[in-house]
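The lines below spell out each chain.
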Amino acid sequence: MERWVGKVAIVTGASSGIGAATVQALARAGLITVGLARRAERIEALRTGLPAEVGHRIHAHPCDVTDERSILGAFEFVTRQFGGVDVLINNAGVSKPTVTLLTPGNTAELRTVLDTNVLGLVLCTREAHRSMKARSVAGHIVNVNSIAGHKYIDLPNLNVYGASKYAVTAITETLRNELRHDSSKVKVTSISPGIVRTEMIPDGFPVNEFPMLEPEDVVGAILYALGTPSHVQVHEVIIQPVGEKL
């Protein structure tokens, strides 16, 4: 991780769960870390309890990844304040377990999942790459995917969540090949965890029946991928808790 010290990372969906843990871990590793989320005040609070030199590396900016103008504004802020981005962690993701595919009037919920998990990820990646290419940076893009992006998961009311994560799997491979054709040194990694103990778990979910990962388990995989030598690209990491039935 030494080569990233002093470099700039953006983490989307940074107000809780995997995103919040990633912000703190990257700041500890020496990166200037900008957390993006609608609840930016929760990112500011991540400095609490950290050594001052670590906390000073954490910055927050409000961003709704379903809104292109919000994304553009966030990346413009990072360019203006820090010169550009070197590492992007595409972590923002939602599910809407209150509806199924067949629930009448479910359009808004379905659009939110697709706009967040798919289009928001693509637009953030586009803007990060633009910054990296303009500065000839051998950066790294990490997509926080899901085991649901590799096989069908029969859990209630996942609706288009699985489809959105299958899209992330395809997008990651497409992006990797677009970068290869462009002779780019930017790396792309997909991290696909099983169930993680975060706020995305809906109320009433039988948590005691399922082994779960903690956000820090996923962060460990992100740090591993970022820490590889410049000639090594980790394509995919699948992480599941021992005993998970999915």
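Note: the structure precedes this text.
Residues numbered from 1 in each chain as written. Predicted model: local features only at pLDDT ≥ 70, side-chain atom pairs only at ≥ 80, totals over all residues. Heavy atoms only, no water.

Asker: Where do I start with the overall build of the protein chain in this structure?
Answerer: A count of helices and strands for the protein chain gives seven helices and seven strands. For the protein chain, the α and β elements follow one another from N to C terminus as β-α-β-α-α-β-α-β-α-β-α-β-α-β. Computed over C-alpha atoms, the radius of gyration of the protein chain comes to 17 Å, within 12% of the 18 Å expected from 2.2 N^0.38 for 246 residues, which places it in the range of a compact globule. Within the protein chain, the proportion of its 246 residues that are buried is 50%. Partitioning the intrachain contacts of the protein chain with sequence separation of at least 6 by distance along the chain shows that 71% fall at a separation of at least 24. As displayed, the protein chain has an accessible area near 11600 Å², and 55% of this comes from carbon and sulfur atoms. Side-chain charges of the protein chain comprise 24 positive and 24 negative groups, with the mean position of each set lying 5 Å from the other. (Helix = DSSP H or I, 4+ residues; strand = E, 2+ residues; numbered from the N terminus. Rg over C-alpha atoms; globule rule 2.2 N^0.38 Å. Buried < 20%, exposed > 50% of the residue type's maximum accessible area, 1.4 Å probe, protein only. Contact = heavy atoms within 4.5 Å. Areas by Shrake-Rupley, 256 points an atom, 1.4 Å probe, with all protein chains shown as cover. Lys, Arg positive; Asp, Glu negative; His and termini not counted. Charge placed at Lys NZ, Arg CZ, Asp CG, Glu CD.)

Asker: Is there a simple way to explain the packing of aromatic side chains in this structure?
Answerer: Remark: the centre distance and the inter-plane angle together describe each pair of aromatic rings, the angle taken between the planes. What the rule picks out here adds up to one aromatic pair. Between Phe77 and Phe82, the aromatic rings sit 6.2 Å apart at their centres with planes inclined by 85°, giving edge-to-face as the arrangement. A relative accessible area of 15% places Phe77 in the buried class. Residue Phe82 is classed as partly exposed on the basis of its relative accessible area, which comes to 24%. (Phe/Tyr/Trp six-rings, centres within 6.5 Å; stacked < 30°, edge-to-face > 60°.)

Asker: Looking at this model, I keep getting lost on unusual backbone geometry. Mind explaining?
Answerer: A negative phi angle is the norm for most residues apart from glycine, just as the trans form is the norm for most peptide bonds. Notably, Ser136 is not glycine yet its phi reads approximately 55°, a positive angle. Mapped onto the fold, Ser136 is located in the loop between α5 (107-134) and β5 (140-144). Exposure remark for Ser136: the relative accessible area of 69% places this residue in the exposed category. The backbone phi angle of Ser183 is positive, close to 55°, even though this residue is not glycine. Turning to its location among the elements, Ser183 is positioned in the loop between α6 (161-181) and β6 (187-193).

Asker: Teacher, can you tell me more about the packing of helix α1 (residues 17-28) against helix α7 (residues 215-226) here?
Answerer: Relative placement of two packed helices is described by the angle separating their axes and the distance separating the axes. The N-to-C vectors of α1 and α7 enclose an angle of 50°; their axes lie 9 Å apart at closest approach. By the angle between their axes, α1 is oblique relative to α7. Handedness of the crossing formed by α1 with α7: right-handed. Residue-level inspection shows Gly17, Ile18, Ala21, Thr22, Ala25 and Leu26 of α1 in contact with α7, the latter providing Pro215, Glu216, Val218, Val219, Ile222, Leu223 and Leu226. Of the residues assigned to the contact of α1 with α7, the class counts are 10 nonpolar, two polar and one charged. (Axes fitted to C-alpha atoms, helices over the stretch in contact; angles between N-to-C directions. Parallel < 35°, antiparallel > 145°, perpendicular 65-115°, else oblique. Left-handed = near helix turned anticlockwise from the far one by under 90°. Nonpolar A, V, L, I, M, F, W, Y, C, P; charged D, E, K, R; others polar.)

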